[in-house]
Amino acid sequence: MTERLHTLPNGFRIVTEHMPGLQSASVGVWVSAGGRHERLEQNGIAHFLEHMAFKGTHRRSALQIAEEIENVGGYINAYTSREVTAYYARVLKDDVALALDVIADILMNPVFDTREIEIERGVILQEIGQSLDTPDDVVFDWLQEAAFPDQPIGRTILGPSDKVSGFSREDLQGFVAEHYGPEQLILSAAGAVDHDAIVALAEDLFGGLKPRSTVEAEQGRFVSGERREVKALEQAHFAMAFEAPGYRDDDFYTAQIFSTAFGGGMSSRLFQEIREKRGLCYSIFSQIGSYSDTGLMTIYSGTSGSEIGGLADLTVDELKRAAEDMSAEEIDRARTQMKAGLLMGLESPSSRAERLARVLGIWGRVPDISETVARIDAVEAADVRRFAEAVASRGEVAMALYGPVEKARDLGAITRRLAA
């Protein structure tokens with residue numbers, strides 16, 4: 001497999017990876033503009049813009065966008081995260097040029113028809129309503145806000161209904177003008193692709209974009225905080241978070257290995273101690289969510305209202321104990337899980353294209369997979385226990401609770417237990 005990178009004179013980057021033996025390809029454009037690049041009054045507009053991209057251009061109607069891709073058996077979609085918005089397609093190798101032309105069209109020539117804006121506004125408001133009716137979605141949004149209060153990185157990606165209800169055509173155009181410059185775009189393609197052919201296409205489609213200044217996101221600042229709401233649900237949803245390393249931090253892989261060993265699978269400490277041995281919950285896990293400058297180690301569980309107090313205590317106790325006695329066997333198992341997940345996840349062109357865009361956006365280069373594996377292998381047991389001790393001793397934690405949570409410990413009680 002061959003990874004190749006090219007940058008146009010205007011700063012637009014193209015990265016590809018040819019995967020021999022495949023008949024299909026994944027191609028897309030990743031934009032370095034997501035929820036954390038919005039001002040307060042814009043909260044939700046990056047996601048709104050993603051929806052509007054498929055609602056018609058000066059060359060194609062919304063139906064034609066869908067038909068041109070589906071007529072060749074392809075698939076087109078998009079997503080918005082806190083740091084990027086991605087527009088991508090999966091097609092057969094002979095249709096790569098078509099897919100790239102459609103993606104360029106929806107990015108550079110959107111009509112933003114006012115009637116379509118109103119239709120899609122209704123769709124997004126329904127999406128927000130559906131999210132609010134999903135407790136394990138709500139609790140993670142609350143946790144993000146509790147950890148990063150009054151900051152763009154702490155706001156929801158969908159945005160609040162009152163702001164989404166007010167976005168205008170001019171607002172959408174303004175966000176594009178501010179954040180969709182060539183330096184903020186990465187064209188990534190993997191599978192049955194020809195690098196030189198894609199570069200030539202990109203020069204025709206994107207080479208005319210004028211460079212513009214890049215708007216930097218506000219630095220994330222983790223803050224201890226709590227958000228809870230008592231509601232008559234069947235389950236009490238409990239989530240807590242500690243600050244974790246960003247992508248560029250030296251401890252990034254250390255944190256990933258620790259989180260996997262602590263709560264990343266059925267053999268993890270949390271699952272074994274709290275679910276298997278004590279039966280206090282159905283689901284419990286920990287995970288790391290990283291950004292360019294910071295991150296969160298999140299622990300989540302759904303349990304009964306009567307068990308939530310004991311579950312929280314045990315979770316804190318297990319975290320403290322891990323700093324003292326997490327074994328080399330646990331760490332090696334987590335390391336193997338990480339490497340297997342990484343390598344198995346890169347067997348599809350879609351995953352490859354996603355990785356290429358992500359790492360290029362983070363590091364400005366594409367490290368070989370062997371380099372990533374070597375960094376995972378370089379993490380030692382002492383590093384993992386040191387990280388666990390730092391998390392437990394720092395005493396800074398954010399919490400979100402939703403449902404029958406009257407018996408849940410408050411933030412002060414959790415903090416004191418961490419310090420004990």
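Everything that follows concerns the structure shown earlier in this document.
Residues numbered from 1 in each chain as written. Predicted model: local features only at pLDDT ≥ 70, side-chain atom pairs only at ≥ 80, totals over all residues. Heavy atoms only, no water.

Undergrad: Hey, could you run me through the overall build of the chain in this one?
TA: Secondary structure assignment for the chain yields 16 helices and 11 strands. Taking the principal axes of its C-alpha atoms as reference, the chain extends roughly 65 × 50 × 40 Å. Split into buried and exposed, the 420 residues of the chain put 52% on the buried side. If you take every contact in the chain between residues at least 6 apart in sequence, the share linking residues at least 24 apart comes to 81%. Accessible surface computed for the chain: about 17800 Å², of which carbon and sulfur atoms make up 49%. (Helix = DSSP H or I, 4+ residues; strand = E, 2+ residues; numbered from the N terminus. Buried < 20%, exposed > 50% of the residue type's maximum accessible area, 1.4 Å probe, protein only. Contact = heavy atoms within 4.5 Å. Areas by Shrake-Rupley, 256 points an atom, 1.4 Å probe, with all protein chains shown as cover.)

Undergrad: What is the right way to look at the side chain of Q151 in this model?
TA: Residue position: Q151 is located in the loop between α5 (135–147) and α6 (161–164). What makes Q151 buried here is its relative accessible area of 1%. Within the local environment of Q151, its side chain forms a polar contact with the backbone oxygen of R221, the two atoms lying 2.7 Å apart. Non-local contacts of Q151, meaning those with residues more than four positions away in its chain, are made with E218, Q219, G220, R221 and V223. (Polar contact = N/O pair within 3.5 Å; in protein donor to acceptor, adjacent residues only side chain to side chain.)

Undergrad: Is there a simple way to think about the packing of aromatic side chains in this case?
TA: We describe a pair of aromatic rings using the distance from one ring centre to the other and the angle between the two ring planes. Summed over the entire model, instances satisfying the criterion amount to 11 aromatic pairs. Members of the aromatic cluster, connected to one another through ring pairs, are F140, F285 and Y300. Positioned above the aromatic ring of W142 is the side chain of R227, whose terminal nitrogen or guanidinium carbon lies 4.1 Å from the ring centre. (Phe/Tyr/Trp six-rings, centres within 6.5 Å; stacked < 30°, edge-to-face > 60°. Lys NZ or Arg CZ within 6 Å of the ring centre and 35° of its normal.)

Undergrad: Hey, could you run me through the environment of L40 in this one?
TA: Tracing the backbone shows L40 in the loop between β3 (24–31) and α1 (45–52). Residues L40 and Q151, 111 residues apart in the sequence, show an inter-C-alpha distance of 8.4 Å. Setting aside residues up to four positions removed in sequence, L40 forms contacts with R155 and K163.

Undergrad: So what exactly am I meant to see when it comes to the sheet that holds strand β5 (residues 85–92) here?
TA: The pairing of strands in a sheet comes from backbone hydrogen bonds and takes either a parallel or an antiparallel form. Strand order in the open sheet made by the 6 strands is β1-β2-β6-β3-β5-β4, with mixed pairing throughout. Strands with a single pairing partner mark the edges of an open sheet, and in this sheet they are β1 (2–7) and β4 (75–80). The mean angle between the axes of side-by-side strands here comes to 15°, regardless of whether they run parallel or antiparallel. The pairing of β3 with β5 spans 8 bridges and is classified as antiparallel. Each bridged residue has a counterpart across the sheet, and for V31 the counterpart in β5 is T85. In this fold α1 packs onto β4 and β5, with an angle of close to 170° to the strand it touches most, β4. Of the strands in this sheet, β3, β4, β5 and β6 (185–191) are in contact with helix α3 (residues 96–108), which crosses β5 at around 155°. (Pairing = 2+ DSSP bridges. Axes fitted to C-alpha atoms, helices over the stretch in contact; angles between N-to-C directions.)

Undergrad: I'm lost on the layout of surface pockets in this one. Help?
TA: Picture a little ball the size of a water molecule; that probe, rolled over the atoms, points out where space is still empty. Of the pockets and cavities examined, the largest pocket occupies roughly 1300 Å³. Forming the walls of the largest pocket are 47 residues, and the residues nearest its centre are S81, R82, E83, V84 and Y291. Of all the secondary-structure elements, those providing two or more residues to the lining of the largest pocket are β3, α4 (114–132), α5, β9 (281–290), β10 (295–303) and α13 (349–363). Considering each element in turn, the lining of the largest pocket owes the most residues, 6 residues, to α5. The residue inventory of the lining of the largest pocket, partitioned by class, reads 17 nonpolar, 16 polar and 14 charged. Here the second largest pocket defines a volume of roughly 430 Å³. Along the wall of the second largest pocket there are 22 residues; nearest its centre are N43, E145, T156, G159 and P160. Looking at the lining of the second largest pocket, the elements that each hand over two or more residues are α4, α5 and α6. Of the residues belonging to the lining of the second largest pocket, the class tally is 9 nonpolar, 7 polar and 6 charged. (1 Å grid on protein atoms, 1.4 Å probe; cavity = no way out; pocket = protein on both sides within 12 Å on 5 of 7 lines; lining within 4 Å. Points joined across faces, edges and corners; volume = space filled by probe spheres on them. Nonpolar A, V, L, I, M, F, W, Y, C, P; charged D, E, K, R; others polar.)

Any link to function would need more than the numbers given here.
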